[in-house]
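# Residue-level structural notes
One letter stands for each residue in the lines below.
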Amino acid sequence: MPELIVSLDIAERKEAEEVVEKLGSSVMFYKVGIIPFTAFGPKIIRWLTLLGKRVFLDLKFFDIPNTVENAVKSACDMGVELLTVHILGGSNMLKTAIKARNTGNTDTKIIGVTILTSFSDNDIKEIGLYMDINNHILKLTELGYKCGIDGIVCSVHELNLLREKFRHPFLMVCPGIRIKASGDDQKRTATVSQAVSAGADYLVVGRPIIKSEDPLLVVEQIKMEMKKNEKK
Ligand code: C5P
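For the structure given in this document, a descriptive report is provided here. Keep in mind that what you see is a predicted model, and the values were worked out from it rather than measured.

Below, the discussion takes up the overall build of the chain. Along its length, the chain carries eleven helices and eight strands. Taken over C-alpha atoms, the radius of gyration comes to 17 Å for the chain, in line with the 17 Å a tight globule of 232 residues would show. In terms of overall dimensions, the chain has a C-alpha envelope of 45 × 35 × 35 Å along the principal axes. Within the span of the chain, comprising 232 residues, buried residues form 50% of the whole.

Printed below as a string of structure tokens:
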């Protein structure tokens, strides 16, 4: 059964506390990305952990191997369950990240970011990458897999293609999930049922929950939809 991760993309302490409180035991897994991490620092992770929550630290490390090695060690020491690095950082960086994780006493899974879900084919051409998105993602996933990462972040659009080649326990983490059409910055979006049917392990949902008038209701709707599609 796939799991829901709520993306806590909030920089106001009171607002973050209110969302986590409202969601209560319905949400046990949170993503901490650069918005809350730059606002609150590591104490957001300690706070969530003390509440018994699981944490996905999504800082998308992309730097020289030595820098990433040291950052991965610190992240693993904080007890996060999932941690992202950019596969575009290359094999030396990826292998060093895994080595750093393996030297610590931790179960942290290293998850590779392929191409952001806010990118379209035109957006990747603009930065000088001329294969289509699917081919880039396939190539990056192959590289990450060879280097020993535990899974990737990708959109639901690529899942069918990727699941055939990269089976469980290789993890597929999918953001860009939308309950209804939205005009925000995400381009490769999909519904909850599409994500579940395509074989996502984790559905990452931010704004549709945290910006809603009734976040708990949206979470319950998403969970119901997940269950319904799981049975098919
Ligand atoms: O609000 P929304 O549901 O779009 O939030 C998705 C979250 O997942 C954001 O925090 C975003 O930074 C993150 N993410 C993404 N696409 C990726 C990797 C991470 O949208 N490829």
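Moving on from the coordinates now.
A word on the layout of surface pockets. Considered as a void within the structure, the largest pocket measures approximately 670 Å³ in volume. Looking at the largest pocket, it is lined by 30 residues, and the ones nearest its centre are Asp9, Lys31, Asp58, Lys60 and Gln186. For the lining of the largest pocket, the secondary-structure elements that each account for two or more residues are β2 (29-33), α2 (34-40), β3 (54-61), β8 (202-205) and α10 (207-210). Here the lining of the largest pocket takes four residues from β3, the largest share from any one element. Taken as a whole, the second largest pocket encloses approximately 240 Å³ of empty space. Contributing to the lining of the second largest pocket are 15 residues, with Glu3, Leu4, Ser26, Lys223 and Met226 lying nearest its centre. Within the residue set of the lining of the second largest pocket, elements represented by two or more residues are β1 (3-7) and α11 (215-231). Per element, the largest residue contribution to the lining of the second largest pocket is five residues, and it comes from α11. Classifying every residue of the lining of the second largest pocket by side-chain character gives eight nonpolar, two polar and five charged.

Strand pairing within a sheet occurs via backbone hydrogen bonds; the two strands may be parallel or antiparallel. Here we have eight strands rolled up into a closed barrel, ordered β1-β2-β3-β4-β5-β6-β7-β8, and parallel in their pairing. Averaged over neighbouring strand pairs, the angle between their axes works out to 25 degrees when direction is ignored. In this sheet, strand β6 (residues 151-153) lies alongside strand β5 (residues 109-113) in parallel orientation, the contact comprising three bridges. Counted as the bridge partner of Gly112 is Ile152 from β6. Against the sheet, helix α4 (residues 65-77) engages β3, β4 (82-86) and β5, with an angle of about 170 degrees to β3. Sitting on the sheet, helix α8 (residues 156-165) touches β6 and β7 (171-174), and the angle it makes with β7 is about 165 degrees.

Another aspect to go through is unusual backbone geometry. Note the cis peptide between His168 and Pro169, where omega equals 10 degrees. One can find Pro169 in the loop between α8 and β7. Phi is positive for Lys60, which is not a glycine, with a value near 45 degrees. Within the secondary structure layout, Lys60 lies in strand β3.

Our focus in this paragraph is the side chain of Asp58. Mapped onto the elements of the fold, Asp58 is located in strand β3. The exposure class of Asp58 is buried, given its relative accessible area of 7%. When near neighbours in sequence (up to four residues on either side) are disregarded, Asp58 contacts Lys31, Val32, Gly33, Ile34 and Thr84.

Counting residues in hydrophobic clusters, the biggest one holds 66 residues, and the most contacted among them are Leu57, Val72 and Ile209. Those residues in contact with Ile209 that lie beyond four places of it in its chain are Leu4, Val6, Leu23, Pro215, Val218, Val219 and Ile222. Listed in part, the eleven residues of the second largest apolar core include Leu82, Val113, Leu171 and Val173.

Take the site of the ligand next. Surrounding the ligand, one finds 16 residues, the nearest of these being Asp9, Thr117, Arg178, Gln186 and Arg207. Here Arg178 contributes a side-chain N or O atom positioned 2.6 Å from an oxygen atom of the ligand. When the ligand sits alone it has 470 Å² of accessible area, and the protein chains cover 88% of it. With respect to the detected pockets, the ligand is housed in the largest pocket. Among the elements of the structure, β3, β8 and α10 are those that each provide at least two residues to the shell around the ligand. For the shell around the ligand, a count of residues per class yields six nonpolar, four polar and six charged.

Definitions and cut-offs
- Residues numbered from 1 in each chain as written.
- Predicted model: local features only at pLDDT ≥ 70, side-chain atom pairs only at ≥ 80, totals over all residues.
- Heavy atoms only, no water.
- Helix = DSSP H or I, 4+ residues; strand = E, 2+ residues; numbered from the N terminus.
- Rg over C-alpha atoms; globule rule 2.2 N^0.38 Å.
- Buried < 20%, exposed > 50% of the residue type's maximum accessible area, 1.4 Å probe, protein only.
- 1 Å grid on protein atoms, 1.4 Å probe; cavity = no way out; pocket = protein on both sides within 12 Å on 5 of 7 lines; lining within 4 Å.
- Points joined across faces, edges and corners; volume = space filled by probe spheres on them.
- Nonpolar A, V, L, I, M, F, W, Y, C, P; charged D, E, K, R; others polar.
- Pairing = 2+ DSSP bridges.
- Axes fitted to C-alpha atoms, helices over the stretch in contact; angles between N-to-C directions.
- Contact = heavy atoms within 4.5 Å.
- Core = buried A, V, L, I, M, F, W, Y, C linked by side-chain atoms within 4.5 Å.
- Near = heavy atom within 4 Å.
- Polar contact = N/O pair within 3.5 Å; in protein donor to acceptor, adjacent residues only side chain to side chain.
- Areas by Shrake-Rupley, 256 points an atom, 1.4 Å probe, with all protein chains shown as cover.
- Sits in = over half its atoms within 2 Å of the grid points.

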